[in-house]
Amino acid sequence: VRRRLVALVATGCLLAGATSASTALGTTAPTAGADGIGDPYFPQDGNGGYDVVHYGIRDTMRTSSGLLTGTTTITARATKALSRFNLDLLLRVTGVTVDGRSAAWSRPNRHELQVTPATPIAAGQRFTVRVAHRGYPGSITWGGERSWFGNASEVVAMNEPHIAPWWFAANDHPRDKASYDIRIRVPRGQQVVANGRLMSRRTAGDWTTFHWSAADPMASYLAFFAAGRFTLEHGTTPSGVYYTLAVSRRLDPPSHKLALQLMRRTPTVQTWLEARLGRYPFRTSGGLTTSLPTRFALENQTRSTYPFLGGREADSIVAHELAHQWFGDSVSLRAWRDIWLNEGLAQYMETWWDHRGWSNPPRAMKTWLCDTYDDYGAEFWDLTIGAPGPARLFREEVYVRGAMTVQALRNRIGDADFRTLLRTWVSRHRYGNATTGQFEALAEQLSGVQLDGFFDAWLRTADAPAPTTANGLSACAT
Ligand SMILES: [Zn+2]
């Protein structure tokens, strides 16, 4: 995510409440799945007892009224014997089946849907749950978040850390990634853009259904769709990745033209990133500019989504969101406290991109670190970005101090080991989840440098790192 246009909005809020997790101890008797996946920042996010393999989402979006109706069909594998299990959903539920049979369900709170199948699910069993739902996502608030953007002619389902429960039933945590088929029906004349590849568009009567397929593993907050009227362009990057670009036709003509120029920077920026990070991780790529005033851009998987930013000079934001395709989308967080791994590395690649045309980019980046280090006052250093807390996930410090940490690491371990680190990190954890501890261990392993003190100073200290060689700041002393 990249917020630049206005003061940051605090999204996210500590969700107080029960975290009771039933655990089967030494028995195969079916028990209830937990109502959270185990992330202390958001105790109700995700659920326990199963792993989602695939989401099949079928929704009808009426932008004129804001009504969303549809079904989510989840194919999952039980990780233990389940008497019942939970899903995360904020829409009203109108019916639930498990493996085709009607299932009992209840709402312990507005976020949790508790499903009790007619017969228990065995450990390891693959099962299908289908949830019918309806509601007005634009009027839903949860945990202080209003995640939905829409007006009478356009909507976009984009937000972080939460958007899925506003439009489909989910195991809503990046730890449980899955493939998606997203079918959205809209009034004839409107279009839908979502993740992945467009498989079909079919018009019947007054409605058109768009079917998008995202075959690579994806975290639930990165699944998205936009409905409205868009100018679409398709192409193939130099490395052979098929891409789709979209710009809302609700933008006035000069803005529309500028936005299209910016979206067309996508293959160029992606090629530059591929030279530094290795191959682009997904089968498709692209970008979408919405006319809606989201005030932030988001790295929706394969289709980064932007508010109107201007023309090609705004391509640093494109670099940021495309860098997230590696850092955050392909290599995902295991817990939200590690958010600096997403934002620090994306902000770093953005900064590197901005310095690419300088006569000596590596030296320019060292200077950037020193200048930035000198620029910030004491309060900037108060936030320990290694554990910023759920209300501060997207604070400027996470981005800037995060990017500074990466450059300081480059200074500390040297350019060759640093480049190997980036490439090894994204290839080793491709499509998976990873932690700050794993990043530190890999940096140490590849460089042979003991880095405990370095990472403590940069990530876990509520103060500025001392301007020392050990902290990667030796060049700043002169
Ligand atoms: Zn970001």
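Above this text is the structure in question.
This section reports on the structure supplied with the text. Please read all numbers here as calculations on a predicted model, not as lab measurements.

### Points about empty space enclosed by the protein
Taken as a whole, this structure holds one cavity of 30 Å³ or more when the rule is applied. Roughly 60 Å³ of internal volume is contained in the largest cavity. Taken together, Phe-327, Gly-328, Val-331, Ser-332, Leu-333, Leu-341, Asn-342, Leu-345, Trp-425 and Ala-434 form the lining of the largest cavity. Those elements that provide at least two residues to the lining of the largest cavity are strand 23 (332–333) and helix 4 (339–354).

### A few points about the pattern of salt bridges
Within the structure shown, the criterion is met by eight salt bridges. In this structure, the salt-bridge partner of Asp-216 is Arg-283, at a minimum N-O distance of 2.9 Å. Separated by 67 residues along the polypeptide, Asp-216 in strand 16 (residues 207–218) and Arg-283 in the loop between helix 2 (266–277) and strand 20 (284–289) bring together distant segments of the chain. According to the relative accessible area criterion, Arg-283 is exposed, its value standing at 56%. Salt-bridge contacts for Arg-410 lead to Asp-415; the nearest nitrogen and oxygen are separated by 2.6 Å. The buried category is assigned to Arg-410, whose relative accessible area is 5%.

### Some details on the nonpolar core
Ranked by size, the top nonpolar core spans 144 residues in total, and within it Phe-85, Trp-167, Phe-225 and Met-349 carry the most contacts. Not counting the four nearest positions on each side in its chain, Phe-225 is found in contact with Met-61, Leu-68, Trp-148, Val-155, Val-156, Ala-157, Trp-167, Ile-184, Val-192, Val-193 and Ala-194.

### Re the state of the cysteines
Overall, the coordinates contain one disulfide when judged by the stated rule. In this model Cys-370 forms its disulfide with Cys-476; the gap between the sulfur atoms is 2.1 Å. Taking the sign of the S-S torsion, about -85° here, the bridge from Cys-370 to Cys-476 comes out left-handed. A residue pair is termed long-range when its members are at least 10 positions apart, and Cys-370 in helix 5 (residues 361–375) and Cys-476 in the segment after helix 9 (452–459) qualify at 106 residues.

### Points about the packing of helix 2 against helix 7 (residues 415–428)
Relative to each other, helix 2 and helix 7 sit at 100°, their axes nearing to 8 Å. Here helix 7 runs roughly perpendicular to helix 2, going by the angle between their axes. In contact with Glu-274, Ala-275, Arg-276 and Leu-277 of helix 2, helix 7 contributes Arg-419, Leu-422, Arg-423 and Val-426. Here the contact of helix 2 with helix 7 is built from residues that sort into four nonpolar, no polar and four charged.

### A word on the sheet that holds strand 22 (residues 304–306)
The four strands lie next to each other as 18-19-20-22, forming an open sheet whose pairing is mixed. One side of each edge strand has no neighbouring strand; the edge strands of this open sheet are strand 18 (230–236) and strand 22. Strand-to-strand, the axes of this sheet are offset by a mean angle of 10°, without reference to chain direction. Pairing of strand 20 with strand 22 involves three bridges; the strand directions are parallel. Considered in strand 22, the bridge of Thr-289 is made with Tyr-306. Sheet strands touched by helix 3 (residues 315–326): strand 20 and strand 22. Its angle to strand 22, the strand with the most contacts, is close to 150°.

### Here's the deal with the sheet that holds strand 11 (residues 149–150)
In space, the four strands of this open sheet follow the order 11-12-17-14, with antiparallel pairing throughout. Here the strands that pair on one side only, and so sit at the sheet edges, are strand 11 and strand 14 (191–194). Examined bridge by bridge, strand 11 and strand 12 (residues 155–156) share two bridges and lie antiparallel to one another. Counted as the bridge partner of Gly-150 is Val-155 from strand 12.

### A look at helix 1 (residues 253–263)
All buried positions along helix 1 are accounted for by Ser-255, His-256, Ala-259, Leu-260, Leu-262 and Met-263. One side of helix 1 holds all its buried residues, which, seen down the axis, span an arc of 160°. Exposed side of helix 1, more than 90 degrees from the buried face: Pro-253, Pro-254 and Lys-257 are the residues found there.

### Let's talk about the pairing of strand 3 (residues 50–62)
The side chains of a regular strand alternate between the sheet's two faces. For strand 3 and strand 4 (residues 67–78), the ladder comprises 12 bridges, and the chain directions are antiparallel. Paired with His-54 across the bridge in strand 4 is Thr-75. Across seven bridges, strand 3 lies against strand 13 (residues 178–187) in parallel orientation. The residue of strand 13 that forms the bridge with Thr-60 is Arg-185.

So, how was this worked out
- Residues numbered from 1 in each chain as written.
- Predicted model: local features only at pLDDT ≥ 70, side-chain atom pairs only at ≥ 80, totals over all residues.
- Heavy atoms only, no water.
- 1 Å grid on protein atoms, 1.4 Å probe; cavity = no way out; pocket = protein on both sides within 12 Å on 5 of 7 lines; lining within 4 Å.
- Points joined across faces, edges and corners; volume = space filled by probe spheres on them.
- Helix = DSSP H or I, 4+ residues; strand = E, 2+ residues; numbered from the N terminus.
- Salt bridge = Lys/Arg side-chain N within 4 Å of Asp/Glu carboxyl O.
- Buried < 20%, exposed > 50% of the residue type's maximum accessible area, 1.4 Å probe, protein only.
- Core = buried A, V, L, I, M, F, W, Y, C linked by side-chain atoms within 4.5 Å.
- Contact = heavy atoms within 4.5 Å.
- Disulfide = S-S within 2.5 Å.
- Axes fitted to C-alpha atoms, helices over the stretch in contact; angles between N-to-C directions.
- Parallel < 35°, antiparallel > 145°, perpendicular 65-115°, else oblique.
- Nonpolar A, V, L, I, M, F, W, Y, C, P; charged D, E, K, R; others polar.
- Pairing = 2+ DSSP bridges.
- Arc of directions from axis to C-beta.

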